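Examining the three-dimensional arrangement
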Amino acid sequence: MTAEFPLTWLYAPGDRPAVVAKALASGADVVLVDLEDAVAPDRKAYAREATADLLCDPPPVPVHVRVNALGNPLTETDLKTLSPLPGLSGIRLPKVTSPCDVVRAAQEATPADGAAIPLYALLETALGVEHAFAIASSHRALHGIAIGETDLRADLGVRNDAGLDWSRARVVVAARAAGLPPPVQSVYPDIRDVEGLASSCGHGRALGFLGRAAIHPRQLPIIEQAYLPTPAEIDSAEAVVKAAESDAGAQALPDGRFVDAAVVMAAHRTLALARRLT
């Protein structure tokens, strides 16, 4: 069963079924089986076949598949082979640059029964980020957008991590403007740098991201801890909700904070996240 707010999304290479099995048992909210960057060209067909075998029956946790890059001859086969399978919960579309990419993928990924497979667009180029809102609002099957930071960094020639903050904020705003959930942060490539990952997650949370993709199970508890509310945040949210139940309209709490509908909505989301702690 999918968590109400998935926070951890763990990548595993599609051509290594043993690694995928470990990912499924890792405690990640969602497992991302990768057919693209993590798979060598001569193993693409095998990766697709192994993933199809996995998805013939629903796995113990939701599985999304990152198909090959749009425009690649392999991609159409990926979509048509995997989209009818009962174990598939979503498709990650790499290197999306326009709404047309999403529309085309949605047409190719629709099973025979007509049910729309949830799609997630990865924006990995300057052009993709520039078209963020148009992409986010392009099709009813699109359930989320996110940044692929490694490719975007190369495209922009960015050397300092702060150089990506404008693009990150742009994608967060585009997702929310289109009525999509907050985006998931891109992967943190150094699996040994625990402090760096925690700091990066804190920065992402401040920008409006919710959750993060990972490349190793050891990153999962760091990501979850960074995105779950603290005891102080939970206490604050409970106070806001209690005040709102008084039907007194907009008001100020004893500590001076002003409470209105937007503040109450944020408090409810904090408490929904807090339910993961129980």
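The coordinates are above.
As the structure is a prediction and not an experimental result, all values here were calculated from the model.

Our next topic: the pairing of strand β6 (residues 142-147). Counting buried residues along β6, 5 of its 6 residues qualify, which places the element largely inside the surrounding structure. Note that strand β5 (residues 119-123) and β6 share 5 bridges and pair parallel. Opposite Leu123, over in β6, you have Ile147 as the bridge partner.

With that settled, the discussion passes to the pattern of salt bridges. According to the stated counting rule, one finds 16 salt bridges in the structure shown. The closest approach of N and O atoms between Glu36 and Lys95, which form a salt bridge, is 2.8 Å. Of the two residues, Glu36 is situated in the loop between β2 (30-34) and α2 (44-54) and Lys95 in the loop between β4 (88-93) and α4 (99-108); the sequence distance between them amounts to 59 residues. Residue class for Glu36 comes out buried when judged on its relative accessible area of 6%. Its salt-bridge partner being Asp165, residue Arg168 comes within 2.6 Å of it at the nearest N-O pair. Here the residue Arg168 and the residue Asp165 both occupy positions in helix α8 (residues 165-177), the gap between them amounting to 3 residues, near one helical turn. Assigned by exposure class, Arg168 and Asp165 land together as buried. Residues participating in the shared-partner salt-bridge network are Asp34, Glu36, Asp37, Arg66, Lys95, Glu124 and Asp151.

Attention now goes to the nonpolar core. By size, the foremost hydrophobic cluster in this structure holds 65 residues, and its most contacted members are Val65, Ile91, Leu123 and Ile145. Examining the composition of this core, we find that 5 residues originate from one element, helix α10 (residues 220-227), more than from any other. Discounting residues that sit within four places of it in the chain, Ile91 has contacts with Val65, Val67, Leu79, Ala109, Ile117, Pro118, Leu119 and Tyr120.

A word on the sheet that holds β4. The 7 strands lie next to each other as β6-β5-β4-β3-β2-β1-β7, forming an open sheet whose pairing is parallel. Each edge of the open sheet is held by one strand with a lone partner, namely β6 and β7 (212-214). Neighbour-to-neighbour, the strand axes of this sheet turn through a mean angle of 25°, independent of strand direction.

A few words now on the environment of Ala267. Tracing the sequence through the fold places Ala267 in helix α12 (residues 261-274). Setting aside its immediate chain neighbours within four residues, Ala267 contacts Ala237, Val240 and Val241.

Moving on: the pairing of strand β3 (residues 63-66). Across the two faces of β3 the burial is the same, with Val63 and Val65 and His64 and Arg66 all buried. Handedness of the β-α-β unit built from β2, α2 and β3 comes out right-handed. In terms of strand pairing, β3 meets β4 through 4 bridges, oriented parallel. Along β4, the bridge assignment pairs His64 with Gly90. In this fold, β3 hands off to helix α3 (residues 73-82), which returns the chain to β4; that crossover is right-handed.

All right, on to the environment of Gln225 then. Relative to the elements of secondary structure, Gln225 occurs in helix α10. Residue classification places Gln225 among the exposed positions, given a relative accessible area of 62%. Gln225 sits 89 residues away from Ala136 along the chain, and the two C-alpha atoms are 28 Å apart.

Under the 1.5 Å per step criterion, the end-to-end length of α8 is 18 Å for 13 residues, consistent within 8% with the ideal 18 Å. Turning to α8, its buried residues are Asp165, Ser167, Arg168, Val171, Val172, Ala174 and Ala175. Along its buried surface, α8 packs onto β5, α5 (126-130), α6 (132-136), β6, α7 (149-156) and α9 (194-207). Backbone geometry just after α8 places Gly179 at a positive phi near 80°.

For the pair α9 and α10, interaxial distance at closest approach is 9 Å and the crossing angle is 35°. The chirality of how α9 crosses α10 is right-handed. Residues Val194, Leu197, Ala198, Cys201, Gly204 and Arg205 of α9 touch α10, and the partners they reach there are Ile222, Ile223, Ala226 and Tyr227. Here the residues of the contact of α9 with α10 are counted per class, giving 8 nonpolar, 1 polar and 1 charged.

Each value, and the rule that gives it
- Sequence positions are assigned chain by chain, starting from 1 and proceeding in written order.
- Whole-chain, interface and lining totals are the exception, using all residues; otherwise, since this is a predicted model, local features are given only for residues with pLDDT of at least 70 and side-chain atom pairs are given and counted only at 80 or more.
- Think of the side-chain values as coming from all heavy atoms in the structure, minus any hydrogens and water.
- Working definition: with a 1.4 Å probe on protein chains only, accessible area under 20% of the residue-type maximum means buried, over 50% means exposed, and in between means partly exposed.
- A run of H or I in DSSP counts as a helix once it spans at least four residues, and a run of E counts as a strand once it spans at least two, with each numbered from the N terminus.
- In this analysis, strands are considered paired if DSSP registers two or more bridges between them.
- Put simply, a salt bridge is a Lys or Arg side-chain nitrogen that is within 4 Å of an Asp or Glu carboxyl oxygen.
- Nine residue types can take part in a nonpolar core, namely buried Ala, Val, Leu, Ile, Met, Phe, Trp, Tyr and Cys, and a core is a set of them joined through side-chain atoms within 4.5 Å.
- We call two residues in contact when some of their heavy atoms are within 4.5 Å.
- Lines fitted to C-alpha atoms define the axes, with helix axes restricted to the stretch in contact, and inter-axis angles between N-to-C directions lie between 0 and 180 degrees.
- By definition, the crossover connecting two strands over a helix is right-handed if that path, from the first strand to the second, turns clockwise as seen with the strands pointing away from the viewer.
- Here a helix's expected span is defined as the number of its residues, less one, multiplied by 1.5 Å.
- What makes a crossing left-handed is the near helix being turned counterclockwise from the far one by less than a right angle; a clockwise turn instead makes it right-handed.
- Gly is put with the polar residues, along with every residue not named as nonpolar or charged; the nonpolar set is Ala, Val, Leu, Ile, Met, Phe, Trp, Tyr, Cys and Pro, and the charged set is Asp, Glu, Lys and Arg.

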